[in-house]
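Close look at the chain arrangement
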Amino acid sequence: MLLLCLSHAVAQDDYDDFVNSVNKEYESFRNQVNKEYADFMEKAWKSYSLKESVGKPKKEDVPVKYDKEKDKDEEKVIEAEIIPFKFEPKPQPQPVKPVQENKEAPKVNKFMFYGTPMSVRWGNAAQFKLSGTDEKSLAKAYRELTGKAYNNLLHDCLEIRKNYTLCDWAYYKMLEVLTATICGKGTNEAVFLQGILFHQSGYMMRFAINSEDNSLHLLVKIDGIAPDSGYASVGGKLFFLLDGSKLKNLKVCEASYPGEKEMMFYIPKLPKLNIELSNERQIISRFVNVEAKIAVNKNMINFFNDYPSTFNNDDIMTTWAFYANTPVTKEIREKLYPQLKEKIGNATPLMAANLLLNWVQMGFEYALDQKVWGGERAFFAEESLYYPLCDCEDRAILYSHLVRDLLGLDVLLVYYPEHLYTAVCFNEDVKGDYFMVNGRKFTVADPTYYMANVGKTMNRMDNSKAKVILLKR
């Protein structure tokens, strides 16, 4: 027994030695990479003129009420351009080597992120001060903030990303909130620390300086285009200014980092935020006698409010797919859906689709984004259930969720200039106007065409200009 215990002790010692050796190797590699980056940072700056990216698609549609007397009751196939869009989230970026915890900063500090308490060990970061924004001062500060004294901070941030299921955008915002808490909102120290944590986490980012006031900014490489945001082509790649600043010229650090990857704007999983329910809202369509009550998480609403519209494949229509492909919250799944399922009962898919369609048509009050928000703004499904007014794109996004989640049917988003609606692929023959996409029939369902059942298209729609995009189910 003694020999067995000694053998086990030796084996454990060997394993600990091996782990320590690997950790030292990882740390040595990261130190070398960071040293090279800091050295390059002293001389890799260049002036850039920022360009303004394309704006969001505008809509001037006006709700129309279906007139049965004028309906010719004809069925037609509508020609459309199919917009390719694959909702395939990639693995999130990772540090160049695993970040090792240490005993340098054991104290846990707390901060709030969209009503949710979070904690990290930020050590002496609250005392961090930049001596200037010249190349040498920033390189010196970079060497300090990438030292082992800040390993625990980076480690804890990555743990938050994992434990709270933060998508790339949520992680970017979390770092923004955290560094503002540590260093002060809007300070150069906060922006610099955010940038370091972001690119040490594996993201493609470039530091930039506004020479007019020496303010620091971050340019971020994203998977797509950010409408109404300034951008610059650095090293042949587009980097966007996501802080809302409308700057024209920046001095940019062109230094790259090994293994860096672009930020994805998909939201494959919603962030795990504390629940603070809104007042309960009653949504009624008396025409089909459907009534449902719902309260949503205000913390999630605030998160959605900060989400910037993006699009990819050089087609601005894909912006709506980002919203429609984002999963709905627990409140919708567990509170709203059971009420609607009860109303649907044993109805056929077509009858159920018409019931849900009329509920959206008649239960929500319409208003153009320009009048309510002063510009174009799409809603996630929860936002249409929270805000008192919505427009065609918001109804289409909400209805697409209802059909996919409650009826298990595939849905298209259909875009005409100035209007957005949906089309549904039924597992039975359904009469009405339709699209053929990849050999499958999708029948028109317009949540803004009041009192119109599935299959009816607004007369004023120009069929020659339709674009369609297939949503994820």
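Residues numbered from 1 in each chain as written. Predicted model: local features only at pLDDT ≥ 70, side-chain atom pairs only at ≥ 80, totals over all residues. Heavy atoms only, no water.

Quick word on the overall build of the chain
Put simply, the rule is: Secondary structure elements follow DSSP: runs of H or I of four or more residues count as helices, runs of E of two or more count as strands, with numbering from the N terminus. Exposure classes here rest on a 1.4 Å probe applied to the protein chains alone. A residue is buried below 20% of its type maximum, exposed above 50%, and partly exposed in between. We call two residues in contact whenever any of their non-hydrogen atoms come within 4.5 Å of each other. To measure how exposed things are, a 1.4 Å probe is used in the Shrake-Rupley method; for residues, cover is taken only from the protein chains shown. Neither His nor the chain termini are counted; the positive set is Lys and Arg, and the negative set is Asp and Glu. Charge placement uses NZ in Lys and CZ in Arg. For Asp and Glu, CG and CD serve respectively.
For the chain, the helix and strand inventory stands at 12 helices and 21 strands. Taking the principal axes of its C-alpha atoms as reference, the chain extends roughly 85 × 70 × 45 Å. A total of 473 residues make up the chain; the buried ones form 54% of that total. Summarising the internal contacts of the chain: among those between residues at least 6 apart in sequence, 72% fall at separations of at least 24. Accessible surface computed for the chain: about 22200 Å², of which carbon and sulfur atoms make up 49%. Each charge sign in the chain was given a centre, from 61 positive and 64 negative side chains, and these centres are 1 Å apart.

Quick word on the packing of aromatic side chains
This is how it is decided: For Phe, Tyr and Trp, rings pair up if their centres lie within 6.5 Å, where Trp contributes its six-membered ring, and each pair is then called stacked (planes under 30 degrees apart), edge-to-face (over 60) or tilted (otherwise). Cation placement over rings: the criterion is NZ of Lys or CZ of Arg within 6 Å of the ring centroid and within 35° of the ring normal.
Tallied over the entire structure, the rule returns 28 aromatic pairs. On the basis of an interplanar angle of 70 degrees and a centroid distance of 6.3 Å, the ring pair of F85 and Y266 is categorised as edge-to-face. Here F85 is found in the loop between β4 (81-82) and β5 (109-113), whereas its partner Y266 is found in the loop between β11 (249-253) and β12 (281-285), with 181 residues between them in sequence. Assessed through its relative accessible area of 11%, F85 is described here as buried. When the ring of F265 is compared with that of Y307, the centres are 6.0 Å apart and the planes differ by 75 degrees; the resulting orientation is edge-to-face. Of this pair, F265 sits in the loop between β11 and β12 while Y307 sits in the loop between α6 (298-306) and α7 (318-324); the two residues are 42 residues apart in sequence, bridging distant segments of the chain. Above the ring of F29, the side-chain terminus of K97 is found at 5.3 Å from the ring centroid. In this structure, K441 packs its charged tip against the face of Y434, placed 4.6 Å from the ring centre.

Quick word on the environment of V120
With respect to the helices and strands, the residue V120 is situated in strand β6 (residues 116-120). On the basis of relative accessible area, V120 is assigned to the buried category, the value being 1%. Sequence separation between V120 and K86 is 34 residues; the distance between their C-alpha atoms is 35 Å. Those residues within four positions of V120 in sequence are excluded, and the remaining contacts are K107, V108, N109, F111, L153, D156, C157, I160 and L178.

A short note on the pattern of salt bridges
Applied cut-off: Salt bridges are identified by distance alone: a Lys or Arg side-chain nitrogen within 4 Å of an Asp or Glu carboxyl oxygen.
Going through the model one piece at a time under the given rule, you end up with 21 salt bridges. One salt bridge in this structure joins R473 and D410, with 2.6 Å as the shortest N-O distance. Here R473 is found in the segment after β21 (467-470), whereas its partner D410 is found in strand β16 (residues 410-416), with 63 residues between them in sequence. Three or more residues joined by partner-sharing salt bridges are found here, namely K35, D39, E42, K136 and R143.

Focus: the nonpolar core
We apply this condition: We define a nonpolar core as any set of buried Ala, Val, Leu, Ile, Met, Phe, Trp, Tyr and Cys residues linked to one another through side-chain atoms lying within 4.5 Å.
Residues M174, F192 and W359 are the most contacted members of the largest nonpolar core, which totals 129 residues. Take this core: its biggest share by element is 9 residues, from helix α4 (residues 168-183). Those residues within four positions of M174 in sequence are excluded, and the remaining contacts are F111, F113, M118, C157, I160 and L166. Counting residues in each nonpolar core, the second largest holds 18 residues, with I78, L412, V414 and A423 among its members.

What to know about the sheet that holds strand β1 (residues 45-49)
We count it as follows: DSSP-based pairing: two strands are paired if at least 2 bridges between them are found. To get an axis, a line is fitted to the C-alpha atoms, and for a helix only the part in contact is used. The angle between two axes follows their N-to-C directions and goes from 0 to 180 degrees.
The 7 strands lie next to each other as β1-β11-β7-β8-β10-β9-β2, forming an open sheet whose pairing is antiparallel. Each edge of the sheet is formed by a strand with only one pairing partner; in this case those strands are β1 and β2 (51-52). As defined by bridge partners, strand β7 (residues 205-210) adjoins β11 across 2 bridges and the pair is classed as antiparallel. When the bridges of β11 are listed, I209 appears paired with K251. Sheet contacts for helix α5 (residues 188-200): β7 and β8 (215-220); angle to β8, the most-contacted strand, approximately 25 degrees.

Some thoughts on the pairing of strand β17 (residues 419-425)
Taken residue by residue, a regular strand's side chains alternate between the two faces of the sheet. A large share of β17 lies buried, amounting to 7 of its 7 residues. Taking every second residue as pointing to the same face, both faces of β17 are buried, with H419, Y421, A423 and C425 on one and L420, T422 and V424 on the other. Bridge count between β16 and β17: 7 bridges; the pairing is antiparallel. Bridged to Y415 within β17 is L420. What sits between β16 and β17 in their antiparallel hairpin is a turn of 2 residues, with E418 showing a positive phi close to 85 degrees. For β17 and strand β19 (residues 440-445), the ladder comprises 3 bridges, and the chain directions are antiparallel. By the bridge assignment, V424 is partnered in β19 with T443.

Some details on unusual backbone geometry
Phi at N214 takes a positive value of approximately 60 degrees, unusual for a residue other than glycine. Tracing the sequence through the fold places N214 in the loop between β7 and β8. Residue classification places N214 among the partly exposed residues on the basis of a relative accessible area of 42%. Not every positive phi belongs to a glycine, and D228 is a case in point at roughly 65 degrees.

Some details on the environment of Y399
Tracing the backbone through its elements, the reader meets Y399 in helix α12 (residues 392-407). Residues Y399 and T116 lie 283 residues apart in sequence; the distance between their C-alpha atoms is 30 Å.

A closer look at helix α3 (residues 151-163)
Note the following rule: Expected helix span is computed as 1.5 Å times (number of residues minus one).
Helix length check: α3, at 13 residues, gives a terminal C-alpha distance of 18 Å against a target of 18 Å (1.5 Å per residue), a fit within 8%. Here α3 has its buried residues at N151, N152, L153, L154, H155, D156, C157, L158, I160 and R161. At the C-terminal side of α3, T165 shows a positive phi close to 45 degrees.

Coordinates in, geometry out; function isn't part of it.
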